[in-house]
Amino acid sequence: MTTRRLVLSRSAAIVGAASTGLLLPQIVRAQSNRIRVGFMLPYTGTYAALGVAIENGVRMAISEKGGKLGGREIEWFKVDDESEPAKGVENANRLVQRDKVDVLIGTVHSGVQMGIQKVARESGVLSIIPNAGVHAATRALCAPNVFRTSFTNSQPTLALGKPMFDKGIKRAVWITHKYAAGDEAFEGFRDSFTKAGGTVVKELGLPFPQVEFQALLTEIASIKPDAVACFFAGGAAAKFMRDYAAAGLKDRIPLWGSGFLTEGVLDAAGPAAEGVMTTLHYSDSLDTPRNRQFRTAYATNFKMQPDVYSVQGYDAGQLLVQGVAAVKGDIAAKQALYKAMESAVIDSPRGKWSMSKAHNPVQDMYLRVVEKKENKVLGIAAKALADSGAGCKMA
Ligand code: PHB
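Rules behind the numbers
- Residues numbered from 1 in each chain as written.
- Predicted model: local features only at pLDDT ≥ 70, side-chain atom pairs only at ≥ 80, totals over all residues.
- Heavy atoms only, no water.
- 1 Å grid on protein atoms, 1.4 Å probe; cavity = no way out; pocket = protein on both sides within 12 Å on 5 of 7 lines; lining within 4 Å.
- Points joined across faces, edges and corners; volume = space filled by probe spheres on them.
- Nonpolar A, V, L, I, M, F, W, Y, C, P; charged D, E, K, R; others polar.
- Helix = DSSP H or I, 4+ residues; strand = E, 2+ residues; numbered from the N terminus.
- Salt bridge = Lys/Arg side-chain N within 4 Å of Asp/Glu carboxyl O.
- Buried < 20%, exposed > 50% of the residue type's maximum accessible area, 1.4 Å probe, protein only.
- Pairing = 2+ DSSP bridges.
- Axes fitted to C-alpha atoms, helices over the stretch in contact; angles between N-to-C directions.
- Contact = heavy atoms within 4.5 Å.
- Parallel < 35°, antiparallel > 145°, perpendicular 65-115°, else oblique.
- Near = heavy atom within 4 Å.
- Polar contact = N/O pair within 3.5 Å; in protein donor to acceptor, adjacent residues only side chain to side chain.
- Areas by Shrake-Rupley, 256 points an atom, 1.4 Å probe, with all protein chains shown as cover.
- Sits in = over half its atoms within 2 Å of the grid points.
- Core = buried A, V, L, I, M, F, W, Y, C linked by side-chain atoms within 4.5 Å.

Trainee: I would appreciate a short explanation of empty space enclosed by the protein in the present structure.
Mentor: On inspection of all chains with the given rule, the structure shows one cavity of 30 Å³ or more. Considered as a void within the structure, the largest cavity measures approximately 80 Å³ in volume. For the lining of the largest cavity, the per-class residue count stands at eleven nonpolar, four polar and no charged.

Here's what the structure looks like:
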């Protein structure tokens, strides 16, 4: 039977039952009672694994609390945003206008996030950002209905400059994918490294999602800096580390980065990742009961190791559980819902964190090194680091 005919014959059955007064009100109530949760994430392309990790994390946090939100069942929706900024608004509207979601969870890529932000501001739909760090989302374009459970792009790199300088690095080259995430990560690196006393001798970049690094690696070899610092993530990060090692640079010029460089890619990067130093708001090896319990549960559920993206998704799920519980499932009670989300303390595998006024995590940044295929924590590089939230005026 075709889908259409199936639908028609089902509705005929429902109408039949309804005429007896038995079924229809129940079905309508059951459907409208569900909370509609939409994922807008990359499921293809360089960031595909990041999308999967986030969705896994969200689902795990909610299922640990009984699989409901404020006592209500959940209906799930999904859109693959392909990390394609040009389709950002259209894809967000698929969830908001077509699927009428109550909450939109997305996304990874900063350029795509700008599309979601526009739709979130115009529609007022509750929006939780489980990764994309674009400054504007919690600065000039902040909004009462938008909450981020990840970071701003300059947060991890604001913690990077000092440990590099303290290791004796005076001249560094910066390299990145050229788009908001890389450019804003550079701001954090430039500010912290120059403040510590270092000099950025060259900024290099290539368009997202290109991965032809060869010419840039040749340039790095000729500049001979004390170290390289970078922003790359996902599949591109694994390839960058492999190419960096294959070009013979790994043992001559230490590689540092915003910690996304070594998240979720340690198998793919292999020995090329060993010894790479990074700063990030999470580390596999955080030796706390909370992190150990999270890692064991995640590995058991999904047959893979969690990474920072899983943690950010997990915390998006926790935030949603807490917020909707506070309004007993009445997601239309916006003021009370937002208040509960603003004041939530998230008991995260990364360590407890709370929201800044602009709705971005205030959190510790860890200094890490890759050792035996693990991001090993060396210490706290910045304590309770808050983004400036510059220009944020909540309506
Ligand atoms: C971003 O585009 O904001 C972005 C993407 C991947 C990351 C971090 C930031 O790992």
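There is more to say after this.
Trainee: How should I be thinking about the layout of surface pockets in this particular structure?
Mentor: A water-sized probe rolled over the atoms picks out the places where empty space is left. Computed from the structure, the largest pocket encloses a volume of approximately 410 Å³. Residue lining of the largest pocket: 21 residues in total, with Gly264, Val265, Asp267, Gln305 and Pro306 positioned closest to the centre. When residues of the lining of the largest pocket are traced back to their parent elements, those giving at least two are α3 (48-64), α11 (266-269), α12 (289-302) and β14 (374-385). Across the lining of the largest pocket, the residue classes tally to nine nonpolar, five polar and seven charged. By volume, the second largest pocket is sized at about 220 Å³. What lines the second largest pocket is simply Leu158, Ala159, Lys162, Pro163, Asp191, Ser192, Lys195, Ala196, Ala381 and Ala382. Of all elements in the fold, only α7 (161-166), α8 (180-196) and β14 reach the threshold of two or more residues within the lining of the second largest pocket. When residues of the lining of the second largest pocket are assigned to their parent elements, the largest contribution, four residues, is made by α8.

Trainee: Hey, could you run me through the pattern of salt bridges in this one?
Mentor: Close approach of charged atoms allows side chains with opposite charge to pair. Inspection of the entire model under this criterion finds 22 salt bridges. Note that Lys78 is salt-bridged to Glu55, the shortest N-O span being 3.0 Å. Of this pair, Lys78 sits in strand β2 (residues 74-80) while Glu55 sits in helix α3, and the two are 23 residues apart along the sequence. Of the residues examined, Lys78 reaches a relative accessible area of 47% and is grouped as partly exposed. Among the salt bridges present, the one from Arg98 reaches Asp99, with a minimum N-O distance of 2.9 Å. Judged by its relative accessible area of 51%, Arg98 falls in the exposed class. We classify Asp99 as buried; its relative accessible area is 10%. Among the charged side chains, a network of salt bridges with common partners joins Glu55, Arg59 and Lys78.

Trainee: Would you mind showing me how to read the sheet that holds β2 here?
Mentor: Sheet strands pair via backbone hydrogen bonds, and the direction of the pair is either parallel or antiparallel. Pairing within the open sheet is parallel, and its five strands lie in the order β2-β1-β3-β4-β5. At either end of the open sheet lies a strand with only one pairing partner, and these are β2 and β5 (146-148). Pairs of neighbouring strands in the sheet enclose a mean axial angle of 20 degrees, with direction left out of account. Pairing of strand β4 (residues 126-129) with β5 involves three bridges; the strand directions are parallel. Its bridge partner lying in β5, Ile129 is registered against Arg148. This element, helix α4 (residues 88-98), spans β1 (35-41), β2 and β3 (103-105) of the sheet and lies at about 160 degrees to β2. Strands in contact with helix α13 (residues 308-326) are β1, β3, β4 and β5; relative to β4, the strand with the most contacts, it is inclined by about 150 degrees.

Trainee: Teacher, can you tell me more about the packing of α12 against α13 here?
Mentor: When two helices pack together, their arrangement is given by the angle between their axes and by how far apart the axes lie. Running from N to C, α12 and α13 cross one another at 100 degrees; their axes reach a closest spacing of 12 Å. The orientation of α12 with respect to α13, classified from their angle, is roughly perpendicular. Only Ser310, Val311, Tyr314 and Gln318 of α13 make contact with α12, whose side of the interface consists of Arg290, Phe294 and Tyr298. Per-class residue counts for the contact of α12 with α13 are four nonpolar, two polar and one charged.

Trainee: Got a minute to help me understand the site of the ligand in this structure?
Mentor: Lining the immediate surroundings of the ligand are 15 residues, of which Val108, Ser110, Gly133, Tyr179 and Tyr309 lie closest. Here an oxygen atom of the ligand and a side-chain polar atom of Ser110 are 2.6 Å apart. Take Gly133: an N or O atom from its main chain is 3.0 Å from an oxygen atom of the ligand. For the ligand, whose unbound accessible area comes to 280 Å², protein coverage reaches 100%. In a pocket analysis with a 2 Å cut-off to the grid points, the ligand is assigned to the largest cavity.

Trainee: Would you take a moment to explain the nonpolar core for this structure?
Mentor: Soluble, globular proteins show a tendency: their nonpolar side chains are buried together. With 66 residues, the main nonpolar core has Leu69, Leu126, Met164, Phe189, Phe231 and Leu320 as its most contacted residues. Of the residues forming this core, the biggest block, nine residues, is contributed by α13. Excluding residues within four positions of it along the chain, Phe189 makes contact with Thr157, Leu160, Gly161, Met164, Ala172, Trp174, Thr194, Val200 and Ala229. Core analysis: the second largest hydrophobic core is formed by 27 residues, Phe213, Leu217, Leu249 and Leu255 among them.

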